[in-house]
Amino acid sequence: MARTRVNGVDLFYEIKGEGEPLVLVHGSWTDHHSWHAVLPHLTRAHRVLVYDRRGHSRSERPPGQGTRAQDEDDLAALVEMLGAPVHVAASSFGGSVALGLAARRPELLRSLAVHEPPLTAVVAGDPELDRLMRQAQAPIDAVMAQVRAGDSEAGARRFVEEVVFGPGAWDGMPDPARRTFVTNAPTAADEQGDPDWNTVDLARLAGYAGPAMLSKGTDSPQWFGAIVDRLARVIPGAQARTLRGEGHVPHLTAPQRYADNLLAFLASTSSAPSP
């Protein structure tokens, strides 16, 4: 366990394993613990860095409105600390962070693997997708309003039961998991306060020429698949993979399968030239 100060913020991180460096970037509401089920598989072949993004759990939460660009700068600093270029694998909002960094500083990445980034703006304009995304956003907006009003626990419970897992799920969660959701609720609300939270510069992202794998689950909402397909058309040579029977967090629901899929992709990049 260690801490480092980057971009004016103290970040918590851990490094385990040996081999080519790999950084894992978690999504919203959670922290580095979300990767623990896949770490034993990944650390057999890689030196893996996991961390709490700014505002999450053991990392510092600075005052004021944050931006995803700050998360991208933090990731860049960790990559440089580990020794660029490195492999980066990311989930959900963490995937948005990784893609944003790939657009801005592609030279830092040895490869990029992202599962279902919520970059809804890149598929805006499709009437059916717009309708579905508006429907999904309504309960999320209600959650965020509750959190911004100061009731993080009620907002976290509502998010778990109305957005993610369903009625009764909150009471069935282990206490540490509930505490993590409550602790990180203000940062989840802050992320959605950034006007650029759901978009990425596609023209600059097209300049990322390194290996890339974008994945989606068949059990996830339709727009995630549309986002992955759109990004796969933008990134030269990107692989788009479909995980049958999986949803938004396969590293939690099917860690062995997720790790095997990621390791196979990383192994396929070993002979490729760095971007």
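Residues numbered from 1 in each chain as written. Predicted model: local features only at pLDDT ≥ 70, side-chain atom pairs only at ≥ 80, totals over all residues. Heavy atoms only, no water.

## Points about the UniProt feature "domain: AB hydrolase-1" (unreviewed entry) in the protein chain
In the numbering used here, UniProt assigns the "domain: AB hydrolase-1" (unreviewed entry) feature to residues 22-260. Taken end to end, residues 22-260 is 49% helix and 14% strand, and its first and last C-alpha atoms sit 15 Å apart. (UniProt positions renumbered as here; feature names shortened; annotations may be inferred. Helix = DSSP H or I, 4+ residues; strand = E, 2+ residues; numbered from the N terminus.)

## Section: the pairing of strand 7 (residues 212-217)
Among the six residues in strand 7, six count as buried, and that is most of the element. Residues Ala212, Leu214 and Lys216 line one face of strand 7 and the alternating positions Met213, Ser215 and Gly217 line the opposite face, and both faces are buried. Bridge count for strand 6 (residues 109-115) against strand 7 is four bridges, and the pairing is parallel. If you follow Ala113 over to strand 7, its bridge partner there is Met213. In this sheet, strand 8 (residues 239-243) lies alongside strand 7 in parallel orientation, the contact comprising five bridges. Bridging across to strand 8, Leu214 finds its partner in Ala240. (Buried < 20%, exposed > 50% of the residue type's maximum accessible area, 1.4 Å probe, protein only. Pairing = 2+ DSSP bridges.)

## A few points about the nonpolar core
Within the largest apolar cluster, 49 residues are counted, with the highest numbers of intra-cluster contacts made by Val23, Leu75, Val88, Leu99, Leu112 and Leu205. Aside from chain neighbours lying at most four places away, what touches Val23 is Leu49, Tyr51, Leu75, Val79, Leu82, Val86, His87, Val88 and Ala89. Core analysis: the second largest hydrophobic core is formed by 16 residues, Ala89, Tyr258, Leu262 and Phe265 among them. (Core = buried A, V, L, I, M, F, W, Y, C linked by side-chain atoms within 4.5 Å. Contact = heavy atoms within 4.5 Å.)

## Some remarks on the layout of surface pockets
Looking at the largest pocket, its volume works out to about 1,300 Å³. In this structure, the largest pocket is lined by 46 residues; those nearest its centre are Ser92, Phe159, Val164, His248 and Val249. Residue assignment for the lining of the largest pocket shows that the elements contributing at least two residues are helix 4 (127-148), helix 5 (152-164), helix 7 (175-193), helix 9 (222-234) and helix 10 (250-253). The calculated volume of the second largest pocket comes to roughly 260 Å³. What lines the second largest pocket is a set of 19 residues, among which Arg54, Pro62, Gly64, Gly66 and Asp190 lie closest to the centre. At the level of elements, helix 2 (68-82) and helix 7 are the ones that each hand at least two residues to the lining of the second largest pocket. Top contributing element to the lining of the second largest pocket by residue count: helix 7, with four residues. (1 Å grid on protein atoms, 1.4 Å probe; cavity = no way out; pocket = protein on both sides within 12 Å on 5 of 7 lines; lining within 4 Å. Points joined across faces, edges and corners; volume = space filled by probe spheres on them.)

## Side note on unusual backbone geometry
Residue Pro85 is bonded to the preceding Ala84 through a cis peptide linkage, with omega at 0°. Counting through the fold element by element, Pro85 comes out in the loop between helix 2 and strand 5 (86-91). Phi is positive for Asn7, close to 50°, though the residue is something other than glycine. Mapped onto the fold, Asn7 is located in the loop between strand 1 (2-6) and strand 2 (9-16). According to the relative accessible area criterion, Asn7 is partly exposed, its value standing at 47%.

## Here we look at the pattern of salt bridges
For the coordinates displayed, the defined rule picks out 17 salt bridges. Taking the shortest distance from any N to any O, the salt bridge between Glu191 and Arg53 comes out at 3.0 Å. With Glu191 in helix 7 and Arg53 in the loop between strand 4 (46-51) and helix 2, this pair connects stretches of sequence that are 138 residues apart. For the pair Glu191 and Arg53, one class covers both residues: buried. For Glu72, the salt bridge is made with Arg104, and the minimal N-O distance between the two is 2.8 Å. Highlighted residues: Glu72 in helix 2 and Arg104 in helix 3 (residues 93-104), separated in sequence by 32 residues. Residue class for Arg104 comes out partly exposed when judged on its relative accessible area of 32%. (Salt bridge = Lys/Arg side-chain N within 4 Å of Asp/Glu carboxyl O.)

## Examining a nonpolar patch on the surface
Taken together, the side chains of Val163, Val164 and Phe165 present a nonpolar region at the surface, about 250 Å² in accessible area. Tracing the backbone through its elements, the reader meets Val164 in helix 5. Its relative accessible area of 38% is what places Val164 among the partly exposed residues. (Patch = residues over 30% accessible without salt bridge, like charges linked within 9 Å, V, L, I, M, F, W, Y side chains within 5 Å. Areas by Shrake-Rupley, 256 points an atom, 1.4 Å probe, with all protein chains shown as cover.)

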